[in-house]
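# Residue-level structure breakdown
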Amino acid sequence: MSYLGVDHSLTGRRWIGPSVEVERMGEAMAQRTGMARPLCQTLARLGVPAEEAAGYLEPTLRDLLPDPRSLRDMEPAAARLLAALKARQRIAIFADYDVDGGTSAALLLDWLRQMGHDATLYVPDRIDEGYGPNVPAMQDLAVRHDLIVCVDCGTLSHEPIAAAKGADVVVLDHHLGGETLPPALAVVNPNRQDEDGALAHLCAAAVVFLVLVECGRQLREAGARGPDLMGMLDLVALATVADVAPLKGVNRALVRQGLVVMGRRARPGLVALSDVARLDTAPSSYHLGFVLGPRVNAGGRIGQADLGARLLASTNPHEASAMAERLDQLNSERRDIEASVRAAALEQAEERGLDAPLVWAAGEGWHPGVVGIVASRIKELTNRPAIVIGLDGDEGKGSGRSVSGVDLGASIQRLASEGLLIKGGGHKMAAGLTVERGKLEEAMARLSDLLAKQGAGEGGAADLKLDGMLMPGAATPELIELLEKAGPFGSGAPAPRFVFPDCQIGFCRRVGDSHLKVSFGDGMGKKIDAICFGAYDGPIGPAIEQHGGKRFHLAGKLEINEWGGRRQVQLRLEDAAPA
């Protein structure tokens, strides 16, 4: 049943309110704890019991950080890294080209540097080499190094790791493992098939962080000390959010503390990137995922693959500033490429139908560096797993993004084992694949069937989930600060979204090319400002600007807008419906 009777909003979506059970839990929590009802409603939706609410609002690493030794191969991996330091051996870091790979590499480079040791960074070219270790690169690195550490990759790289003759290989990864492990000295991965899955939600940078925690433990046992690891949590936070790891358990504590560290502006690379992005407020999980993350990724997508990792590891502010400027430029170019691919992919997907368990599109020459972002956009639009593939010759290389509760990586891996893909893998929320052109239709049909068995396609493609109603008088800076304690918000823990019912529109004006700034109230004196980004790219802008006195239900997320020393409540408007 739709919320407030909205079956078709201005953007064509059905509004869904909290379930009866969540409403009941929220009410009971408010009575038991005395906390604000909107906060209790949010916690209830996140599945937090009343007796655990206080602890949930104050997540700490002391309480939530797992014992590193709960992961297989942890002790030999850390011991090998320390042995290489002691013997002054040559170390190479082979990293994936995305944010998680770049931050993982930067963590190791930073830690090694503080231990007085340099290392070689190697990031493969996305187009020329593809994802993960390859035989020529590993052979070359093995000739010149004693230890190769693969971060955010390597779990399925049997042949390339076997080719690294003369060097030890340690894999620190989080992608789904196969039935057998590669011939590495150690494979630390919470998604190995012989792990219990308790830490399956960790990104690669969090795995690297745990390895460094174990290194610190072994150093202390030997009467020595290692670097301060808490100061490195800014990198772990960035990776966790940008890699769409679910914000639950220790991930919440890692991101919460990492944002505090980032706010100190001590890492030259992140300072330069924040400045070039004109980030002038305290960083939030939104900034990690949508402001900083895309810029770090830009080098690996369409430019120099190792640029993001080198920026994050840089200790020279001038060097960092130049790299940040270049990444910002590449990100702008990426947006242009993405826009053209997105338009073509969406048109094709619409022709095929947006209500199937899997939405997919494939096109000639689509840039492999943007297909993942386009898949993400289509997933958000349709509330279904999405695959976008760039075709080149007899092959197609693609990326997929999934929705909560549907394990895309495992399904992709199954397709590869069945011979429908040349290769493929990933994790629950994201995956990559290479497919023969002649098997494309068959592979996508099979993938759609596998995803349907997990429940993909059952939700409405256009549902907007809401946490309840608020009146303008209840939306205060204090309430927003309370709600933020239930965060950080992101994958697996969406930010609260409220609807302001039966609102009277005050002033409204167009901002920039397509945004809308509007003031609204309930007719009883209290007014709130709202901003709707891209309002004129769809029906919201024209409808509200030409309201003619009509009243609207307004839905979105609350935030505090700091401007000119003033802190004001602002609604980030996402949808509207006639009242």
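Now for a quick tour of the structure.

What follows concerns the packing of helix 13 (residues 285-302) against helix 15 (residues 317-352). Axis separation between helix 13 and helix 15 bottoms out at 8 Å; the angle between their running directions is 70°. Considered as vectors, helix 13 and helix 15 are oriented roughly perpendicular to each other. Along the contact surface, helix 13 presents Pro 294, Arg 295, Val 296, Ala 298, Gly 299, Arg 301 and Ile 302, while helix 15 presents Leu 327, Asp 328, Leu 330, Asn 331, Glu 333, Arg 334, Arg 335 and Ile 337. Taken together, the residues that form the contact of helix 13 with helix 15 break down as 7 nonpolar, 2 polar and 6 charged.

Okay, helix 18 (residues 440-452) next. Here helix 18 contains 13 residues, and its C-alpha end-to-end distance of 18 Å stays within 8% of the 18 Å for a straight helix at 1.5 Å per residue. Of the positions making up helix 18, those classed as buried are Leu 440, Ala 443, Met 444, Leu 447, Ser 448, Leu 450 and Leu 451. For helix 18, the buried positions fall inside an angular range of 165° around the axis, keeping them on one side. Residues of helix 18 that are buried make contact with strand 7 (359-364), strand 8 (386-392), helix 17 (408-417) and strand 11 (430-436).

Using the criterion set out here, one finds 2 cavities of 30 Å³ or more in the structure. The computed volume of the largest cavity comes to approximately 50 Å³. Lining the largest cavity are Ala 77, Arg 80, Leu 81, Leu 108, Leu 147, Val 149, Val 170, Leu 172 and Val 211. Taken together, the elements giving at least two residues each to the lining of the largest cavity come down to helix 5 (74-86), strand 4 (147-151) and strand 5 (168-172). Here the lining of the largest cavity gets 3 residues from one element, more than from any other, and that element is helix 5. Counted by class, the lining of the largest cavity contains 8 nonpolar, no polar and 1 charged residues. Taken as a whole, the second largest cavity holds about 40 Å³ of empty space. Contributing elements (two or more residues each) for the lining of the second largest cavity: helix 13 and helix 14 (307-313). For the lining of the second largest cavity, the class distribution of residues is 4 nonpolar, 3 polar and 2 charged.

By the definition in use, this model includes 3 aromatic pairs. Positioned above the aromatic ring of Tyr 536, the side-chain terminus of Arg 510 is 4.0 Å from the ring centre. Residue placement shows Arg 572 over the ring face of Tyr 286; its charged tip is 4.9 Å from the ring centre.

One ladder, built from 2 bridges, connects strand 13 (residues 468-469) with strand 14 (residues 498-511); its direction is parallel. Residue pairing in the sheet places Met 469 in a bridge with Val 499 of strand 14. Bridge count for strand 14 against strand 17 (residues 552-563) is 4 bridges, and the pairing is antiparallel. If you follow Phe 498 over to strand 17, its bridge partner there is Gly 556. In this structure, strand 14 lies alongside strand 15 (residues 515-521), joined through 6 bridges in antiparallel fashion. Each residue of the ladder has a partner; that of Cys 508, found in strand 15, is Val 518. Joining the antiparallel neighbours strand 14 and strand 15 is a turn of 3 residues, in which Gly 512 adopts a positive phi near 65°.

Another point: a negative patch on the surface. Taken together, the side chains of Asp 392, Asp 394, Glu 395 and Glu 436 make up a negatively charged region of the molecular surface. The topology assignment puts Glu 395 in strand 9 (residues 395-401). The class of Glu 395 is partly exposed, set by a relative accessible area of 35%.

Let us now look at the sheet that holds strand 5. Taking strand neighbours across the sheet as the criterion, the 5 strands line up as 3-2-4-5-6 in an open arrangement whose pairing is parallel. Each edge of the open sheet is held by one strand with a lone partner, namely strand 3 (120-122) and strand 6 (186-188). Across this sheet, the average inter-strand angle for adjacent strands is 15°, counted without regard to direction. With respect to the sheet, helix 6 (residues 99-114) is in contact with strand 2 (91-95), strand 3 and strand 4, its orientation differing from that of strand 2 by roughly 160°. Of the strands in this sheet, strand 4, strand 5 and strand 6 are in contact with helix 9 (residues 204-221), which crosses strand 5 at around 120°.

Let us look at the pairing of strand 7. Of all 6 residues in strand 7, 5 are buried; the element is thus mostly enclosed. Bridge count between strand 7 and strand 8: 6 bridges; the pairing is parallel. In the strand pairing of strand 8, Ala 362 is matched with Ile 389. Note on the crossover from strand 7 through helix 16 (residues 371-382) to strand 8: the handedness is right-handed.

Our next topic: unusual backbone geometry. Across the junction of Gly 487 and Pro 488, the peptide omega takes the value 5°, indicating a cis bond. Position of Pro 488 among the secondary structure elements: in the loop between helix 19 (477-485) and strand 14. Within the chain, Leu 4 stands out as a residue other than glycine whose phi angle is a positive 60°. Mapped onto the elements, Leu 4 comes out in the segment before strand 1 (14-16). Despite not being glycine, Arg 278 has its phi angle at roughly 55°, a positive value. The class of Arg 278 is exposed, set by a relative accessible area of 68%.

Cut-off values and rules
- Residues numbered from 1 in each chain as written.
- Predicted model: local features only at pLDDT ≥ 70, side-chain atom pairs only at ≥ 80, totals over all residues.
- Heavy atoms only, no water.
- Axes fitted to C-alpha atoms, helices over the stretch in contact; angles between N-to-C directions.
- Helix = DSSP H or I, 4+ residues; strand = E, 2+ residues; numbered from the N terminus.
- Parallel < 35°, antiparallel > 145°, perpendicular 65-115°, else oblique.
- Contact = heavy atoms within 4.5 Å.
- Nonpolar A, V, L, I, M, F, W, Y, C, P; charged D, E, K, R; others polar.
- Expected span 1.5 Å × (residues − 1).
- Buried < 20%, exposed > 50% of the residue type's maximum accessible area, 1.4 Å probe, protein only.
- Arc of directions from axis to C-beta.
- 1 Å grid on protein atoms, 1.4 Å probe; cavity = no way out; pocket = protein on both sides within 12 Å on 5 of 7 lines; lining within 4 Å.
- Points joined across faces, edges and corners; volume = space filled by probe spheres on them.
- Phe/Tyr/Trp six-rings, centres within 6.5 Å; stacked < 30°, edge-to-face > 60°.
- Lys NZ or Arg CZ within 6 Å of the ring centre and 35° of its normal.
- Pairing = 2+ DSSP bridges.
- Patch = residues over 30% accessible without salt bridge, like charges linked within 9 Å, V, L, I, M, F, W, Y side chains within 5 Å.
- Areas by Shrake-Rupley, 256 points an atom, 1.4 Å probe, with all protein chains shown as cover.
- Salt bridge = Lys/Arg side-chain N within 4 Å of Asp/Glu carboxyl O.
- Lys, Arg positive; Asp, Glu negative; His and termini not counted.
- Charge placed at Lys NZ, Arg CZ, Asp CG, Glu CD.
- Right-handed = clockwise from strand over helix to strand, strands pointing away.

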